[in-house]
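Below, each chain spelled out in residue letters.
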Amino acid sequence: NAGVMQNPRHLVRRRGQEARLRCSPMKGHSHVYWYRQLPEEGLKFMVYLQKENIIDESGMPKERFSAEFPKEGPSILRIQQVVRGDSAAYFCASSPGGRGRDYEQYFGPGTRLTVT
Amino acid sequence: GDSVTQMEGPVTLSEEACLTINCTYTATGYPSLFWYVQYPGEGLQLLLKATKADDKGSNKGFEATYRKETTSFHLEKGSVQVSDSAVYFCALSLSGGYQKVTFGTGTKLQVIP
């Protein structure tokens, strides 16, 4: 059973370009979360999605950032007009969902975005 | 809001030394508690977890006990190895439909031979 997959692993963009980060959840998982890790900091929650729905985007910057999780295909985190401050590691996690207390999020290897 | 506070690093230990990384939390509900480990250049791996008070999570020689009275979840290991060198994150999530995870800032551990 393949784990959470993210691509690309490394992405370099010039200021003003767009960045697209992809996340394929584990098989059978319908919930996806995106986190951002700035240098020397912990992970900060950005957005939580289920198939075709954004459930919680309270951690997303108000401008330039968007996320989707279509019925078919991977979840996409899109950053428009990138700036140097967007340079970070972006991690995706997935979970099977449900209301139990005893499930966990499985993290992907991350995409390291560098804005030059 | 919910938050996690863990001791700042870096922590440098000799091989076979005892490890304790302190973690305390603030939560509006009844959280599940986690320790994640991040090896250099990699993503996060769940190290251990505890979902209710007095539960002890354990894995790979690491242990942590959910202490509701002190709102703590300290990570311990009796004898560290060089291969344990990594960044350790304490985290919590609340039940109720989904589990947004709130992380501490991480503690870097370096074990020297």
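Above this text you will find the structure in question.
Residues numbered from 1 in each chain as written. Chains lettered and ligands numbered in written order. Predicted model: local features only at pLDDT ≥ 70, side-chain atom pairs only at ≥ 80, totals over all residues. Heavy atoms only, no water.

A. The arrangement of the overall build of chain B in detail. Counting its regular elements, chain B contains 0 helices and 12 strands. The N-to-C order of helical and strand elements in chain B reads β-β-β-β-β-β-β-β-β-β-β-β. The burial tally for chain B puts 44% of its 113 residues in the buried class. The long-range fraction of contacts in chain B, counting pairs at least 24 apart against all pairs at least 6 apart in sequence, stands at 55%. Surface summary for chain B: the accessible area is close to 5200 Å², and the carbon and sulfur share equals 48%. Looking at charge distribution, chain B has the averaged site of its 9 positive side-chain charges lying 6 Å from that of its 11 negative ones. (Helix = DSSP H or I, 4+ residues; strand = E, 2+ residues; numbered from the N terminus. Buried < 20%, exposed > 50% of the residue type's maximum accessible area, 1.4 Å probe, protein only. Contact = heavy atoms within 4.5 Å. Areas by Shrake-Rupley, 256 points an atom, 1.4 Å probe, with all protein chains shown as cover. Lys, Arg positive; Asp, Glu negative; His and termini not counted. Charge placed at Lys NZ, Arg CZ, Asp CG, Glu CD.)

B. Molecular detail of the state of the cysteines. On inspection of all chains with the given rule, the structure shows 2 disulfides over all chains. One disulfide in the model links Cys23(A) with Cys92(A); its S-S distance is 1.8 Å. Judged by the sign of its S-S torsion, about -50°, the bond between Cys23(A) and Cys92(A) is left-handed. Separated by 69 residues along the polypeptide, Cys23(A) in strand E3 (residues 19–24) and Cys92(A) in strand E9 (residues 88–95) bring together distant segments of the chain. The pair formed by Cys23(A) and Cys92(A) is uniform in burial state, with each residue classed as buried. Each sulfur in the disulfide pair Cys23(B) and Cys90(B) lies 1.9 Å from the other. Between Cys23(B) and Cys90(B), the S-S dihedral sits near -70°, and the bridge is therefore left-handed. With Cys23(B) in strand E4 (residues 23–26) and Cys90(B) in strand E10 (residues 86–94), this residue pair connects regions lying 67 residues apart in the sequence. Take Cys90(B): its relative accessible area is 1%, and that puts it in the buried class. In this structure Cys18(B) is a free cysteine whose sulfur lies 19 Å from that of Cys23(B), the closest cysteine sulfur available. (Disulfide = S-S within 2.5 Å.)

C. Representation of the side chain of Asp84(B). Residues and elements named next belong to chain B. Here Asp84 is to be found in the loop between strand E9 (75–77) and E10. Take Asp84: its relative accessible area is 7%, and that puts it in the buried class. At 2.8 Å, the side chain of Asp84 forms a polar contact with the side chain of Lys77. (Polar contact = N/O pair within 3.5 Å; in protein donor to acceptor, adjacent residues only side chain to side chain.)

D. Molecular detail of the packing of aromatic side chains. For the structure on display, the rule yields 12 aromatic pairs over all chains. Judged by centre distance (6.0 Å) and plane angle (70°), the ring pair of Tyr35(A) and Phe45(A) falls under edge-to-face. Highlighted residues: Tyr35(A) in strand E4 (residues 31–37) and Phe45(A) in strand E5 (residues 43–50), separated in sequence by 10 residues. Neither Tyr35(A) nor Phe45(A) differs from the other in exposure class; each is buried. With 5.5 Å between their ring centres and 55° between their planes, Tyr36(B) and Phe103(B) make a pair best called tilted. With Tyr36(B) in strand E5 (residues 31–38) and Phe103(B) in strand E11 (residues 101–103), this residue pair connects regions lying 67 residues apart in the sequence. Phe103(B) carries the same exposure label as Tyr36(B), and that label is buried. These aromatic residues form a ring-pair network of at least three members: Tyr35(A), Phe45(A), Phe107(A), Phe34(B), Tyr36(B), Phe89(B) and Phe103(B). One residue, Lys68(B), lies across the ring of Tyr30(B), its end atom 5.6 Å from the ring centre. (Phe/Tyr/Trp six-rings, centres within 6.5 Å; stacked < 30°, edge-to-face > 60°. Lys NZ or Arg CZ within 6 Å of the ring centre and 35° of its normal.)

E. Spotlight on the side chain of Asp56(A). Looking at where Asp56(A) falls in the secondary structure, it is placed in strand E6 (residues 53–56). Despite its burial, Asp56(A) pairs with no opposite charge; the closest candidate is Lys100(B), at 4.3 Å N-O. Engagement of the side chain of Asp56(A) in a polar contact is seen with the side chain of Ser58(A), the distance being 2.7 Å. (Salt bridge = Lys/Arg side-chain N within 4 Å of Asp/Glu carboxyl O.)

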